[in-house]
Amino acid sequence: MKGLRRFIDKIKPTFEKGGKLAMLHSTFEAIESFLFVPDKVTLKGSHIRDAVDLKRTMAIVVLATVPALLFGMWNVGYQHFLAIGMEAAFWQNFWFGFWQVLPIIIVSYVTGLGIEFAFAQARGHEVNEGFLVTGMLIPLIMPPDVPLWMVAVATAFAVIFGKEVFGGTGMNILNPALTARAFLFFAYPTSMSGDKVWIVDKPDAFTGATPLGDAMVGAIDNIPYSPLEMFMGYIPGSVGETSTLAILIGAVILLITGVASWRIMASVFAGGLFMGWIFNLVGLNAYMDIPAWEHLIMGGFAFGAVFMATDPVTATQTTRGKYIYGFLIGFFAVMVRVFNPAYPEGMMLAILFMNVFAPLIDHYVLQANIRRRRKRWEREKVNA
Amino acid sequence: MSQTIKVRKGLDIQLVGEATKSLINISPQTYASKPIDFIGVFPKVLVQAGDEVKAGTPLYFDKFREQILFTSPVSGKVKEIRRGEKRVLREIIIEAGKTNEYVDFGSADPHELSREQIIGKMVQSGVWPLLRQRPFSVIANPEDDPKAIVISTFDTSPLAPDYNFIMQGTEEAFKAGICALRRITSGKIFMNVLDGKSTCDEFLDPEHVLIHRFQGPHPTGNVSTQIAKLDPINKGEVIWYLRPQEVLMIGRLFLTGKYDASKIYALTGSMVKKPAYYKTIAGACITEMVKGNLHEGKSRFISGNVLTGTRIASDGYASFYDSQITVIPEGNYFEFFGWAMPGLNKFSFYTQFFSWMSPKKKFNLDTNFHGAERAFVMTGKYEKVFPFDIYPMQLIKAIMVEDIDLMENLGIYELDAEDFALIEFIDTSKIEIQSIVRDGLELLRKETT
């Protein structure tokens, strides 16, 4: 550790202003502060600071995705061997999935971080930790069979047009990971939906549709999976979205550490249940009749609720706004699923839609506060 | 007795180095009056190095409000007039004489004086700057009639001095001070005490002042928190506020006719070997308190508390409004993978570190920044340490873009920079929020006055 510190101190001047590699200053700084919390001390304001920083916070989100990731890796293998009709052991399944998913993760991080570093350098900023999470979320919402070049293109699109054009982490309007997925969904629909993409090297004879896909085409009664299987995640789907259980473990980590807003999470589920319940009451077709709670364990609903809707930058920022925002995400997600057969995955669209409306919700919450204060001013004026 | 007002939001930062309840008398060689303690004051010096002064002799006045005088806390000789960058007057240092001589302003019973006479005496003797106003935290304007005067008799900030201890045996001066304040406003006088037994509380007959009991974590002791619960400041309104030791100085002026600036300071912080209370005079040099009383290592000396105090040198001087000196270790070290450690020994507001499992533990915090500045990312956290019906992040953003209307609408008049100290402390993005708020208030003050 001390040796490493000495080495960093020795090469540091090269990257500072006037040094030979000054153009890589941001990159150097990012690596240095990753290895060592800087020796910077407080200059103005509070003389002491909380031990927390954005690195820690982001690292906890990444940690929370690990159960879904590990399960996803296993499930990729499991679905593959199931489809080709081969018996496989636990480790065989996992190993197969690991090698399938790892390249997606690497491509996502390399592309995204490369662009982030370049932008930080050009702006003379420090590299922001936001992409550590985005880079992990992107692989988790990709179909396991997605071509790697598509991951690269989508990540680049999301980072540049979803985030950097707005000014970088903290300034973006749309969730970058979902922007990546939406980009692929609309640009390369055949690789992102249907029943071919969810299982690696699927033989044609095997039906590989997700439960949502089945429901969409009206085969609601023939979904070959029980609710327990859907909850546990033994179903085809995007890498990280299938196991509600694994996602809930992540949710517990996020809630204990207070990193994600329980208000948003809870109200997304409430909104989904509410819409499902309304459909149950109406009951015009078979899809409307599936129990409301089943919506919560199908497709990307749980993953979206836990990891996507709770992104603090793109969600509403006021406490009251969070309830409204979350509720409407759940509400619209189920509505889109049932009403719009072209888009089985309503969650992605519902979240992106509400991302756009989040500032408006905050605006009205804020206006209520302002009105209350103005009324008080006027009341006092009258009294005086 | 009114019922206890409970403040739920906030954070008590548990630090080691609380002052033990023992009082040590000291009389340092030098004292200072520091114009930089006063917001918006442009000092015009009235003395030169070498001049003889008494306690109560004017040292400088404010160019913008010439009637407001700043007087010497002790008698002796002007040792040095210290200027900083751009010739900003930083400190006027007085070397104390053998005995303390006072300018005689004449003792008087405030009951028998008119409002003008009381204010005249306070202004002339230099106790007037003890009264500050909200909004903006500047020295009160003698021409205003505030809607209330607020006295917070307790401090909830980290390692704060215990006013129950400091105020023992000060009944006479305190009552005289309250009496003078009573005469200079037609508004209410709020005295806010901590729930439980309070020394100040016993001094008063509740007919003269409105006593409210408060309970809760920091920032319950802040004036803004209290006034927000009692009678929020509206646009165009002014309140005055002061601390108990300042009431005493006003009281003594009327009892004795002297500007008696004696004051008790709590010396606190983890670097101090024997944290205790010191009785001396306002503006005292801290050397005598800290010499031989510190642990090994590089220290930061703070006049005030760790959240809002001002950094001073090891031979610096206590600031005008502070009753506390804090010494904590500097944190200029690198920490290998510090952000990834379990953090049992790291104090944090967040449950991201495992130290949350030992809520009673006291911590030794240093001045390390624990990261670097980032854009706003996390939401919903500031509100947890901010007991106001105000949206802090939105207000900070309004200040950053200098949108004056929005700042007003979002409630900036009800706040001061110190109310954002906890937010600054817990901020994941490490933004220097207190100075942003200070700048916003200054902008507003210049635009509106």
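Residues numbered from 1 in each chain as written. Chains lettered and ligands numbered in written order. Predicted model: local features only at pLDDT ≥ 70, side-chain atom pairs only at ≥ 80, totals over all residues.

Another aspect to go through is the overall build of chain B. A tally of helices and strands in chain B yields 11 helices and 20 strands. Computed over the C-alpha atoms, the radius of gyration of chain B is 22 Å, within 12% of the 22 Å expected from 2.2 N^0.38 for a compact globule of 449 residues. With respect to the principal axes defined by its C-alpha atoms, chain B has extents near 65 × 50 × 45 Å. Looking at chain B as a whole, 54% of its 449 residues qualify as buried. Contacts in chain B between residues at least 24 apart in sequence constitute 69% of all its contacts with a sequence separation of at least 6. (Helix = DSSP H or I, 4+ residues; strand = E, 2+ residues; numbered from the N terminus. Rg over C-alpha atoms; globule rule 2.2 N^0.38 Å. Buried ≥ 20, exposed ≤ 12 C-beta atoms within 10 Å, placed from the backbone. Contact = placed C-beta atoms within 7 Å.)

So, on to the overall build of chain A. The helix and strand tally for chain A stands at 17 helices and one strand. Its C-alpha atoms give chain A a radius of gyration of 23 Å, within 12% of the compact-globule value 21 Å for 384 residues. Projected onto its principal axes, the C-alpha positions of chain A cover 70 × 65 × 35 Å. Across the 384 residues in chain A, those meeting the buried criterion constitute 52%. Sequence-distant contacts, at least 24 apart, represent 70% of the contacts inside chain A between residues at least 6 apart.

All right, on to the interface of chain B and chain A then. Between chain B and chain A, the residue contacts involve 62 residues of the former and 51 residues of the latter. Among the elements of the structure, strand E17 (299–303), strand E20 (335–336), helix H8 (392–400), helix H10 (421–426) and helix H11 (433–448) of chain B are those that each provide at least two residues to the side of chain B that touches chain A. When residues of the side of chain B that touches chain A are assigned to their parent elements, the largest contribution, four residues, is made by H10 of chain B. The residue inventory of the side of chain B that touches chain A, partitioned by class, reads 29 nonpolar, 22 polar and 11 charged. (Nonpolar A, V, L, I, M, F, W, Y, C, P; charged D, E, K, R; others polar.)

With that out of the way, let us pick up the sheet that holds strand E2 (residues 23–25) of chain B. Residue and element names in this part refer to chain B. Read from one edge of the open sheet, six strands run E2-E16-E15-E19-E17-E18, paired in mixed fashion. Edge positions in the sheet fall to E2 and strand E18 (310–312), since each of these pairs with one other strand and no more. The sheet shows a mean angle of 30° between the axes of neighbouring strands, taken without regard to direction. Bridge count for E17 against E18 is three bridges, and the pairing is antiparallel. Bridge assignment links phenylalanine 301 to a residue of E18, and that residue is isoleucine 312. (Pairing = 2+ DSSP bridges. Axes fitted to C-alpha atoms, helices over the stretch in contact; angles between N-to-C directions.)

Right, let's talk about the environment of methionine 230 of chain A for a bit. Residue and element names in this part refer to chain A. The residue methionine 230 is located in helix H10 (residues 227–232) in this model. Note on methionine 230: 22 C-beta atoms within 10 Å, which makes it buried. Each C-alpha atom, one on methionine 230 and one on valine 146, is 22 Å from the other, the two residues being 84 residues apart in sequence. Among all residues touching methionine 230, those that are not within four sequence positions of it are Pro211, Tyr225, Ile235, Ile297 and Met298.

A few words on the nonpolar core. Grouped together as the largest cluster of nonpolar side chains are 228 residues, with contacts concentrated most on Ile329 and Ile351 of chain A. Every residue in contact with isoleucine 329 of chain A, bar those within four places of it in the chain, is listed here: Val268, Gly271, Ala309, Ala350, Ile351 and Met354 of chain A. (Core = buried A, V, L, I, M, F, W, Y, C linked by C-beta atoms within 7 Å.)

Residue and element names in this part refer to chain B. A cis amide bond links arginine 134 with the next residue in sequence, proline 135, at an omega value of -5°. Along the chain, the position of proline 135 falls in the loop between strand E10 (132–134) and strand E11 (148–152). In this chain, histidine 218 is followed by proline 219 through a cis amide linkage whose omega measures 10°. Topologically, proline 219 is positioned in the loop between strand E13 (210–215) and helix H5 (223–230). One non-glycine residue with positive phi stands out, namely arginine 87, at about 60°. The residue phenylalanine 136 is not glycine, and still its phi comes out positive at about 85°. Tracing the sequence through the fold places phenylalanine 136 in the loop between E10 and E11.

Moving on, we come to the pairing of E17 of chain B. Residue and element names in this part refer to chain B. In terms of burial, E17 is a largely internal element, five of the five residues being buried. Residue alternation in E17 divides its side chains into two sets, Ser299, Phe301 and Ser303 and Arg300 and Ile302, and both sets are buried. Linking two consecutive strands that pair antiparallel, namely E17 and E18, is a turn of six residues; a positive phi of about 110° is found at glycine 304 within it.

Our focus in this paragraph is the pairing of E13 of chain B. Residues and elements named next belong to chain B. The pairing of strand E1 (residues 5–6) with E13 spans two bridges and is classified as parallel. Considered in E13, the bridge of lysine 6 is made with glutamine 215. As defined by bridge partners, strand E12 (residues 188–194) adjoins E13 across five bridges and the pair is classed as parallel. Within the sheet, the bridge partner assigned to methionine 191 lies in E13 and is isoleucine 211.

Okay, helix H1 (residues 2–15) of chain A next. Residue and element names in this part refer to chain A. The terminal C-alpha atoms of H1, which comprises 14 residues, lie 20 Å apart, in line with the 20 Å expected from a rise of 1.5 Å per residue. At aspartate 9, H1 shows its largest bend, some 25°, and a proline, proline 13, comes one to four positions later. Little of H1 is tucked away: one of the 14 residues are buried. (Expected span 1.5 Å × (residues − 1). Bend = angle between axes of the 7 residues up to and from the residue.)

With that out of the way, let us pick up the domain arrangement of chain A. All names here are of chain A. Partitioning chain A into domains gives domain 1 (2–35) and domain 2 (54–368). Each of domain 1 and domain 2 has a C-alpha centre, and the two are 37 Å apart. With five residues of domain 1 at the contact, the number on the domain 2 side is six residues. Residue composition of the side of domain 1 that touches domain 2, grouped by class: two nonpolar, two polar and one charged. (Domains from an automatic or database assignment.)

Residues and elements named next belong to chain B. As assigned here, chain B comprises domain 1 (5–256) and domain 2 (370–448). Facing the 19 residues of domain 1 at the interface are 15 residues of domain 2. Taken together, the residues of the side of domain 1 that touches domain 2 sort by class into eight nonpolar, seven polar and four charged.

Right, let's get into the packing of helix H16 (residues 319–339) of chain A against helix H17 (residues 346–383) of chain A. Residue and element names in this part refer to chain A. Orientation of H16 relative to H17, taken along the N-to-C sense of each, is 150°, at an axis distance of 8 Å. Regarding the angle of H16 to H17, the classification is roughly antiparallel. In this structure, H16 meets H17 at a crossing whose hand is right-handed. Across from Arg320, Gly321, Ile324, Tyr325, Leu328, Ile329, Phe332, Ala333, Val334, Met335, Val336 and Arg337 in H16, the residues of H17 making contact are Gly346, Met347, Leu349, Ala350, Ile351, Phe353, Met354, Ala358, Ile361, Asp362 and Val365. (Parallel < 35°, antiparallel > 145°, perpendicular 65-115°, else oblique. Left-handed = near helix turned anticlockwise from the far one by under 90°.)

This next bit is on the sheet that holds strand E14 (residues 239–242) of chain B. Overall, mixed pairing links the six strands, which are arranged E1-E13-E12-E11-E14-E10 (chain B) in an open sheet. Looking at strand neighbours, the two that pair on one side only are E1 and E10 of chain B, the edges of this open sheet.

So, on to the environment of threonine 185 of chain B. Residue and element names in this part refer to chain B. Examined against the element boundaries, threonine 185 turns out to sit in the loop between helix H3 (171–184) and E12. Overall, threonine 185 belongs to the partly exposed group, with 18 C-beta atoms counted inside 10 Å. For the pair threonine 185 and alanine 148, spaced 37 residues apart in sequence, the C-alpha separation works out to 7.5 Å. In this structure threonine 185 touches Asp145, Pro146 and Ile149, once residues within four positions along its chain are discounted.

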